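Coordinate inspection notes
Each chain, letter by letter, is given below.
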Amino acid sequence: MIDTTKYFPLIWAALSRKPARLALTFTSVVIAFILYGVTIGINAGFQNLIDAARLDRIHVSGNHAGPLMLAQRDQIGKLDNVSDVGIFDRVVGYHQNPKNTIAVLMMDRAMRNVFPDLPVSQQQWTNLYSVRDGVIFSQMMAERYDIDVGDKFPVVTQQPTRSDGSNLWTFEVVSIVDDIPLYPIGFAIGNYDFLDRARSLTESGKVGQFWVLAKDSAQVDELGEMIDQSFANSPHPTKSNSEKAIFESIGGSDSEVALGATMLAGAGILMIIVLTTNAIAQSVRERMHEFAVMKTLGFTDTGVVVLVFAEAAAPCLLGCVTGLALAKALSVLLPHLLPSGVGFPMPYVSSSVLVSAIGAAVAVAFISSVVPASRIARLEVAVALSRR
């Protein structure tokens, strides 16, 4: 049985032998695990969005990134398996300062049925549509802009412009509600009728998207194809996808985002494997005489190997925990740097991310110490002492 208490002074002595090398190794491990926490955390965040997305809700957009027309809503509503059709658009601009970017999601009355995920009561919906320039803010957005119910909230845009040529859109805050997973950095909901009536005549009647609620989620793909076929020869062709399929294509396990994030995380781990292996190998080479003396004092090969592994594991594990803590802090900061209404997830440092990171740190320590430890295990004490 190994007496672990006698190893602590030896581990500390080995680590503090070269403070600059220790600091460089620790800093590199921290940076690598910040990268790991952010990238793998983004994958976990996308999985949260996928889990929150609905299979029975279809997003209908212009096939060539152009707008759709309001008249298309009635045609979609007449198709089989359609429960309801809602209008979804945006007013994108900034509040007071160009750095305070925001996207106000403009919705019509039907969205209360199509988008029941929103924590908006029937009375709050009624309040929104009774005030044409009304806006509902989520709690995160309200805190971000330090606003309350009854406040005026001006937004300056490039497009769309108002019929009078102005690009200033002033909203009145009518409610503040809870946040939801689908909009992890908050949201603001406005009245589509306000947008449509305030625009110029040439822009009136245009729609960014239709959100369609299917009666039967098992036939949602067929419904999407039916919608697209209905407008295949029109001036405004559509592209329809279920909400869940959209998020899976963007951030699912086989998506470019997920693969790219995994590769970045792997690159960070590879970097610290190379650095830690070099640091441990150099440290062992400098102390071969000391290891020989330890063996003469009764330390077993296993005990010495454990000592080398602990020397590698200490900065890896401590750097892992520190890096993940900083990644978590970064995930809290990011919502204040991105506009609302953006369906991009924040890094989610979940328990599974923490476990995988600790596992990666242990693996790095093991890989880094294998070659130096095997060299010590084969060390001939007499030869090592004679070289001193």
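Above this text sits the structure in question.
Residues numbered from 1 in each chain as written. Predicted model: local features only at pLDDT ≥ 70, side-chain atom pairs only at ≥ 80, totals over all residues. Heavy atoms only, no water.

Some details on the overall build of the chain
A tally of helices and strands in the chain yields 14 helices and eleven strands. Taken across its 388 residues, the chain has 46% of its residues classed as buried. Pairs at least 24 residues apart make up 79% of the contacts formed inside the chain by residues separated by at least 6 positions. As displayed, the chain offers around 18700 Å² of accessible surface, 59% of which is attributable to carbon and sulfur atoms. (Helix = DSSP H or I, 4+ residues; strand = E, 2+ residues; numbered from the N terminus. Buried < 20%, exposed > 50% of the residue type's maximum accessible area, 1.4 Å probe, protein only. Contact = heavy atoms within 4.5 Å. Areas by Shrake-Rupley, 256 points an atom, 1.4 Å probe, with all protein chains shown as cover.)

Observations regarding the packing of helix α2 (residues 19-52) against helix α10 (residues 256-286)
In contact at an axis separation of 9 Å, α2 and α10 are set at 160° when each is read in the N-to-C sense. Compared by their axis directions, α2 and α10 come out roughly antiparallel. When the axes of α2 and α10 are compared, the crossing they make is left-handed. Its residues assigned to classes, the contact of α2 with α10 comprises 18 nonpolar, nine polar and two charged. (Axes fitted to C-alpha atoms, helices over the stretch in contact; angles between N-to-C directions. Parallel < 35°, antiparallel > 145°, perpendicular 65-115°, else oblique. Left-handed = near helix turned anticlockwise from the far one by under 90°. Nonpolar A, V, L, I, M, F, W, Y, C, P; charged D, E, K, R; others polar.)

With respect to α10
Here α10 contains 31 residues, and its C-alpha end-to-end distance of 45 Å stays within 8% of the 45 Å for a straight helix at 1.5 Å per residue. Taken together, the buried positions of α10 are occupied by Ala258, Ala261, Ala265, Gly268, Ile269, Ile272, Ile273, Thr276, Ala279, Ile280, Ser283 and Val284. (Expected span 1.5 Å × (residues − 1).)

Things to note about the packing of α2 against helix α9 (residues 243-251)
The description of two helices packed together rests on the angle between their axes and the distance between the axes. One can describe the packing of α2 onto α9 by two numbers: an axis separation of 8 Å at closest approach and a directional angle of 165°. On the basis of their axis angle, the class for α2 and α9 is roughly antiparallel. Once α2 is placed against α9, the crossing between them reads as left-handed. Mapping the contact onto sequence places Phe46, Leu49, Ile50 and Asp51 in α2 and Lys244, Phe247, Glu248, Ile250 and Gly251 in α9.

Digging into the nonpolar core
Membership of the largest hydrophobic core comes to 56 residues, with the highest contact counts inside it found for Phe33, Met107, Phe115, Leu118 and Tyr183. In terms of residues, this core owes the most to one element, α2, which gives eleven residues. With near-sequence residues (within four places) excluded, Phe33 lies in contact with Ile269, Ile272, Cys316, Gly319, Cys320, Gly323, Leu324, Ala357, Ala360 and Ala361. Listed in part, the 36 residues of the second largest apolar core include Val60, Val85, Val155 and Ala214. (Core = buried A, V, L, I, M, F, W, Y, C linked by side-chain atoms within 4.5 Å.)

Thoughts on a negative patch on the surface
Together, Asp216, Asp221, Glu222 and Glu225 give the surface a local cluster of negative charge. Structurally, Asp221 is set in helix α8 (residues 220-230). The exposure class of Asp221 is exposed, given its relative accessible area of 52%. (Patch = residues over 30% accessible without salt bridge, like charges linked within 9 Å, V, L, I, M, F, W, Y side chains within 5 Å. Salt bridge = Lys/Arg side-chain N within 4 Å of Asp/Glu carboxyl O. Lys, Arg positive; Asp, Glu negative; His and termini not counted. Charge placed at Lys NZ, Arg CZ, Asp CG, Glu CD.)

A short note on the side chain of Arg112
Examined against the element boundaries, Arg112 turns out to sit in helix α4 (residues 111-114). Within the buried set, Arg112 has no salt-bridge partner at all; the shortest N-O distance to an opposite charge, 8.6 Å, is to Asp84. Contact partners of Arg112, with chain neighbours within four places excluded, come to Gln122, Trp125, Thr126 and Tyr129.

A word on the environment of Tyr183
Looking at the secondary structure, you find Tyr183 in the loop between β7 (168-177) and β8 (188-191). Judged by its relative accessible area of 5%, Tyr183 falls in the buried class. With 134 residues separating them in the primary sequence, Tyr183 and Leu49 have C-alpha atoms 8.4 Å apart.

Topic: the environment of His236
Mapped onto the fold, His236 is located in the loop between α8 and β11 (238-242). Residue classification places His236 among the partly exposed positions, given a relative accessible area of 27%. Here Pro67 takes part through its backbone oxygen, which lies 3.4 Å from a polar atom of the side chain of His236. (Polar contact = N/O pair within 3.5 Å; in protein donor to acceptor, adjacent residues only side chain to side chain.)

A short note on a nonpolar patch on the surface
Side chains of Leu317, Leu354, Ile358 and Val362 sit close together on the surface and give an oily, nonpolar patch of about 270 Å² of accessible area. Looking at the element boundaries, Val362 is found in helix α13 (residues 351-377). For Val362, a relative accessible area of 37% puts it in the partly exposed group.

Some remarks on the pairing of strand β1 (residues 57-62)
Extensive coverage of β1 is indicated by the burial of five of its six residues. Here β1 runs beside strand β10 (residues 209-214); their pairing, made up of five bridges, is antiparallel. Bridging across to β10, Ser61 finds its partner in Gln209. Direction of pairing for β1 relative to β11: antiparallel, over a ladder of five bridges. Pairing of His59 across the sheet is with Asn241, part of β11. (Pairing = 2+ DSSP bridges.)

Quick notes on the environment of Glu243
By secondary structure assignment, the location of Glu243 is in helix α9. In sequence terms Glu243 and Ile58 are 185 residues apart; their C-alpha atoms lie 5.6 Å from each other. Filtering out sequence-adjacent residues up to four positions away, Glu243 remains in contact with Ala53, Arg54, Arg57, His59, Leu182 and Trp211.

Function cannot be inferred from these measures alone, as they are strictly geometric.
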